[in-house]
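Structural overview
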Amino acid sequence: MLRRTGVPKGVTPEAAVRTLQQAVQVLGELLDPERTDARGRGELAASATGSAHGLDDGSWLARLVQRGIALAHGTDLPGDAAGRRALWRLVSVTPDEVSSTVLTYGLRPHGEDWRARSLRERADHRAETHLTSRDLLDARLHLPAGTTVHICENPRVVEAAAEAGCSHPLICTSGSAATVVLTLLDVLAAADCHFAYHGDFDWPGIALANRIVRRYGTRPWRMGADDYEHLATRNQAGGIPQLPLAGQPISAIWDAGLAPAMTALGVALHEEATFDLLVDDLSGAP
């Protein structure tokens, strides 16, 4: 196990020995065939290291323990957060399922279970909803087949949609699309929903859009070169201060002309620049 993970740079021999001892202790407990109890990851970390964060993702101890679990179960070490959470569950360790949320609006799933009824009621009252990973563990969100769910990057779009009483369902990535966001999108994709994506016109925004488009075959939503040029011209005409575009250019996989257009104008445009257009789209007939 140590040969595969290696000792991180800067770790002293004393700290390395202590961490290895902790890993052996944790794995001995988790892989005990007589064990029947479930443990929270924070509780397990506190008992082994004195800190509830001792097994946080990215720590060397967590990597050692995860490697041991994977080896014991004959599986590969996952490369993403969702896979690592599933690995912990193999040994009845529950990660934190409630602190990370996905912001949603207008979801009206079929069904008479309490969660479906709650989502429909909040949608009827034009209220946004934060869903946790725990909410999604056994969720069966069956929207009408072929429903288009719009995706935005900025929570202010959700706020504007709620204030306007928009009719279309909307999900917000809140920046970089955490695991809980992708989990919800996976659930909806499996239910035959389609997606339309809008984000910021800057290079991180294009990178995130590429990720969503690749994963789900998502339709870009006002994210073409023409859309960018129109917004930039409108902002300039309105006397709105221009935000310089910084960083290395990234090609948009859905529009080969977008990156050159952005490079030529050199202006970054965040979603606030297009609220009125997005709200108009979300207000149309479903």
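That block above? That's the structure.
Residues numbered from 1 in each chain as written. Predicted model: local features only at pLDDT ≥ 70, side-chain atom pairs only at ≥ 80, totals over all residues. Heavy atoms only, no water.

1. What about unusual backbone geometry?
Although it is not a glycine, Asp192 sits at a positive phi angle of roughly 70°. Looking at Asp192, the relative accessible area reads 41%, which means it is partly exposed. Within the chain, Arg222 stands out as a residue other than glycine whose phi angle is a positive 50°. Take Arg222: it is sitting in the loop between β8 (219–220) and α11 (225–237). Taking relative accessible area as the criterion, Arg222 reaches 30% and is therefore assigned partly exposed. (Buried < 20%, exposed > 50% of the residue type's maximum accessible area, 1.4 Å probe, protein only. Helix = DSSP H or I, 4+ residues; strand = E, 2+ residues; numbered from the N terminus.)

2. Quick look at the packing of aromatic side chains
All chains considered together, the criterion is met by 2 aromatic pairs. Look at Phe195 and Tyr216: their rings are 5.4 Å apart centre to centre, the planes differ by 75°, and that puts the pair in the edge-to-face class. Taken as a pair, Phe195 in strand β7 (residues 194–197) and Tyr216 in helix α10 (residues 203–216) lie far apart in primary sequence, 21 residues in all. Side by side, Phe195 and Tyr216 carry an identical accessibility label, which is buried. (Phe/Tyr/Trp six-rings, centres within 6.5 Å; stacked < 30°, edge-to-face > 60°.)

3. Considering the sheet that holds β8
Spatially, 6 strands are ordered β4-β3-β6-β5-β7-β8 in an open sheet, and the strand pairing comes out mixed. Edge positions in the sheet fall to β4 (129–132) and β8, since each has one partner strand and no second. Where strand β3 (residues 101–105) lies against β4, 4 bridges are found, and the strand directions are antiparallel. Note on β4: the bridge partner recorded for Leu103 is His130. Running over the sheet, helix α9 (residues 179–190) touches β3, β4, β5 (148–152), β6 (170–172) and β7 and is turned about 50° from β3. (Pairing = 2+ DSSP bridges. Contact = heavy atoms within 4.5 Å. Axes fitted to C-alpha atoms, helices over the stretch in contact; angles between N-to-C directions.)

4. Focus on the pattern of salt bridges
Per the counting criterion, the structure on display carries 9 salt bridges. Notably, a salt bridge pairs Arg215 with Asp186, separated by 2.9 Å at the nearest N-O pair. A residue pair is termed long-range when its members are at least 10 positions apart, and Arg215 in helix α10 and Asp186 in helix α9 qualify at 29 residues. Taking relative accessible area as the criterion, Arg215 reaches 44% and is therefore assigned partly exposed. (Salt bridge = Lys/Arg side-chain N within 4 Å of Asp/Glu carboxyl O.)

5. Overview of the nonpolar core
As a rule of thumb, nonpolar side chains are buried together in soluble globular proteins. Residues Leu141, Leu185, Leu188 and Ile212 are the most contacted members of the largest nonpolar core, which totals 46 residues. Among the elements of the structure, β5, α9, β7, α10, α11, α12 (258–265) and β10 (267–268) are those that each provide at least two residues to this core. Apart from the residues within four sequence positions on either side, Leu141 is in contact with Pro109, Leu119, Leu136, Leu184, Val187, Leu188 and Ala191. In terms of nonpolar packing, the next biggest core, distinct from the first, is built from 20 residues, Leu27, Ala45, Leu61 and Leu87 among them. (Core = buried A, V, L, I, M, F, W, Y, C linked by side-chain atoms within 4.5 Å.)

6. Quick word on the state of the cysteines
In protein structure, a disulfide is the covalent linkage between the sulfur atoms of two cysteines. Under the definition given, this model contains 0 disulfides. Cys172 provides the cysteine sulfur closest to Cys152, a residue in no disulfide bond, and the two sulfurs are 4.0 Å apart. The exposure class of Cys152 is buried, given its relative accessible area of 0%. Not engaged in a disulfide, the cysteine Cys166 finds its nearest cysteine sulfur in Cys152; these two sulfurs lie 11 Å apart. A relative accessible area of 4% means that Cys166 is categorised as buried. (Disulfide = S-S within 2.5 Å.)

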